[in-house]
Amino acid sequence: MKIACIPAFNAEKKIGDVVKKCSEWVDKVIVCDDGSSDNTAKIANECGAIVLSHKKNQGYGAALITMFDQARK
């Protein structure tokens, strides 16, 4: 199974396109919304991604760890 893991922070303008394009190449798309104050999580979810959310911004590394932990399940 191929999985795309996308860390995102305040990316509402681009996340939809990124999720849709990635979906063409992988079986599953996981987005970690890293404490965004915009609609990043909502848009990613509407575009078919599995969305994991941090309540506050924890940084790129923490977002990757969160997604890789989920991908292993």
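My aim in this report is to walk through the structure given alongside it, one point at a time. (Residues numbered from 1 in each chain as written. Predicted model: local features only at pLDDT ≥ 70, side-chain atom pairs only at ≥ 80, totals over all residues. Heavy atoms only, no water.)

Regarding helix α3 (residues 60-71)
Right, so step 1: The end-to-end C-alpha separation of α3 is 16 Å, in line with the 16 Å expected for 12 residues at 1.5 Å each.
Right, so step 2: Looking only at α3, the buried set comprises Ala 63, Leu 64 and Met 67. Within α3, the buried residues cover an arc of 100 degrees as seen down the axis, which keeps them to one side.
Right, so step 3: Structurally, α3 contributes buried residues whose contacts are with β1 (3-8), β2 (28-34) and β3 (50-54). (Helix = DSSP H or I, 4+ residues; strand = E, 2+ residues; numbered from the N terminus. Expected span 1.5 Å × (residues − 1). Buried < 20%, exposed > 50% of the residue type's maximum accessible area, 1.4 Å probe, protein only. Arc of directions from axis to C-beta. Contact = heavy atoms within 4.5 Å.)

Here's the deal with helix α1 (residues 15-23)
Right, so step 1: For α1, the complete set of buried residues consists of Ile 15, Gly 16 and Val 19. One side of α1 holds all its buried residues, which, seen down the axis, span an arc of 100 degrees.
Right, so step 2: Of the surrounding secondary structure, the elements contacted by the buried residues of α1 are β1, β2 and α2 (40-46).

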